[in-house]
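The chain contents come next:
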Amino acid sequence: MTDKPANTMWGGRFAMSPAEIMQEINASIGFDKQLAPQDIRGSKAHAVMLAEAGIIAKTDAREIAKGLDKIKAEIDAGTFEFSRALEDVHMNVENRLKELIGPAAGRLHTARSRNDQVATDFRLFVRDAIDGIDAALETVQQALAEKAEAHAATVMPGFTHLQPAQPVTFGHHLLAYVEMIGRDRGRFADARKRLNESPLGSAALAGTSFPINREMTAEALGFDRPMANSLDGVSDRDFALETLAAATIAAVHFSRLAEEIVIWMTPQFGFVKLSDRFTTGSSIMPQKRNPDAAELARAKVGRIASAFQGLVIVMKGLPLAYSKDMQEDKETTFDALSSLRLVMAAMAGMIADLEPNAEAMRAAAGRGYSTATDLADWLVRELKMPFREAHHVTGAIVKAAETKGVDLDQLSLTDMQAVEPRITKAVFSVLSVENSVKSRTSYGGTAPQNVAKMARQWLRRLEKARAKV
């Protein structure tokens, strides 16, 4: 006596149901149901092509399209019942289509396999995700550039090794992240361009003997062209790897900014404040205002980077073409891209909400002898010293100021001349933090006029790009 197979879509090869643990490890419907919209889009395009090529009747194609529209409506309404026994989203959709339209549903799978079907669905999903991510990245850039323009002249300390280095402006600091995010958008755009080829029609791995029109389905789904090799079509996951790599780098950028927000909010710095909208309190310490949104944004990079590493490890030893290992490509990718969208929304909100403490920033910018380089530059420019000699002289003057417990601009001219007799009172014109930042007029420098100009350029660029959409 034989046991009836649980999944009749497998056909007549199997006489017994799979073991319970096999069903548990094999089923992917718990996560790949997210691909349902893309699966239905791909199936509709495939059915239209089959009818145009004379492979199936046009009446059957129309019934298939109506049935798929009905299924999409059920999914959108939350009334569609996904069955674990049917393994995945493809089988669930096809089974429901059969219930709705009868035998014509069986013609939909002509000249395709679940291998090229899932590859197509996944590409469509990742492409859709990239478009959403790019829009979100643009929103963060907008928030940063607006804040940068408003604080083009707000002085703050610039750091190396988290030690005071040279004065910069808060606007200049924020524009650094605008530039980083611009490169992130470029990486996603590059990934999108490379992924935009259609695997549909590759079938299981070798193509098909049916006279299909792959250019037609590629165009219908918004792809630039069909993939040129059927083995590559079903086995490639470069598009997901590249997108996750771009997501990881973007998440690192947001993590760095989140870390700075956390540091800046400490009483030891006191550079910025976030309102109640982006902070939380403590269950035991009533005075606390914790930057939890920034901390969680900082932490999400772990999930995103691990998704990239995980898929690298899944793919590293797989022979061509499809292996079931590749079922592990989706769940972490879904989670990583969702996490990045959440981070971007939180960061855009925090940036708009963030209020800098200009007085605290200005005071910190003057500490740590941050205008020492300006003194060295003055010695080179006015006294024609070689820079290395000027560096040595400046170090001796800093030591004298440190000994007296004063800032550089408070050290007397007499004390400076004890180190270098040719120094004149004109040196004091470069020792204030305001004059320091004003002097940094080289392209990309922190001079307030530079920062304001660059912020406006970015805002115009973003506005122009939106107008084209």
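Before any of the text, the structure's been laid out above.
Residues numbered from 1 in each chain as written. Predicted model: local features only at pLDDT ≥ 70, side-chain atom pairs only at ≥ 80, totals over all residues. Heavy atoms only, no water.

Draft legend 1. Representation of the packing of helix H14 (residues 372–383) against helix H15 (residues 387–404) in the model. It is at 9 Å that the axes of H14 and H15 come closest, and there the two elements cross at 135°. One finds that H14 runs oblique with respect to H15. Handedness of the crossing formed by H14 with H15: right-handed. Residues Ala372, Leu375, Ala376, Asp377, Leu379 and Val380 of H14 form the contact with H15, whose participating residues are Phe387, Ala390, Val393, Thr394, Ile397 and Val398. Residue composition of the contact of H14 with H15, grouped by class: ten nonpolar, one polar and one charged. (Axes fitted to C-alpha atoms, helices over the stretch in contact; angles between N-to-C directions. Helix = DSSP H or I, 4+ residues; strand = E, 2+ residues; numbered from the N terminus. Parallel < 35°, antiparallel > 145°, perpendicular 65-115°, else oblique. Left-handed = near helix turned anticlockwise from the far one by under 90°. Contact = heavy atoms within 4.5 Å. Nonpolar A, V, L, I, M, F, W, Y, C, P; charged D, E, K, R; others polar.)

Draft legend 2. Quick peek at a nonpolar patch on the surface. On the surface, Leu205, Leu231 and Leu320 cluster together to form a nonpolar patch covering roughly 270 Å² of accessible area. As for its placement among the helices and strands, Leu205 is situated in the loop between strand E3 (197–198) and helix H8 (214–220). (Patch = residues over 30% accessible without salt bridge, like charges linked within 9 Å, V, L, I, M, F, W, Y side chains within 5 Å. Areas by Shrake-Rupley, 256 points an atom, 1.4 Å probe, with all protein chains shown as cover. Salt bridge = Lys/Arg side-chain N within 4 Å of Asp/Glu carboxyl O.)

Draft legend 3. Region of the structure containing the pattern of salt bridges. Counting across every chain of the model gives 29 salt bridges. A salt bridge links Glu242 to Arg194; the shortest N-O distance between them is 2.5 Å. Placement of Glu242 in helix H10 (residues 238–265) and of Arg194 in helix H7 (residues 170–195) is noted, with a sequence separation of 48 residues between them. The exposure class assigned to Arg194 is exposed, which follows from its relative accessible area of 52%. The residue Glu420 makes a salt bridge to Arg422 at a minimum N-O spacing of 3.1 Å. Put simply, Glu87, Asp88, Arg114 and Lys324 are held in one network by salt bridges that share partners. (Buried < 20%, exposed > 50% of the residue type's maximum accessible area, 1.4 Å probe, protein only.)

Draft legend 4. Seen up close, the environment of Asp377. Assignment of secondary structure puts Asp377 in helix H14. The exposure class of Asp377 is partly exposed, given its relative accessible area of 23%. In this structure, the C-alpha to C-alpha distance between Asp377 and Glu463, residues 86 residues apart in sequence, is 39 Å.

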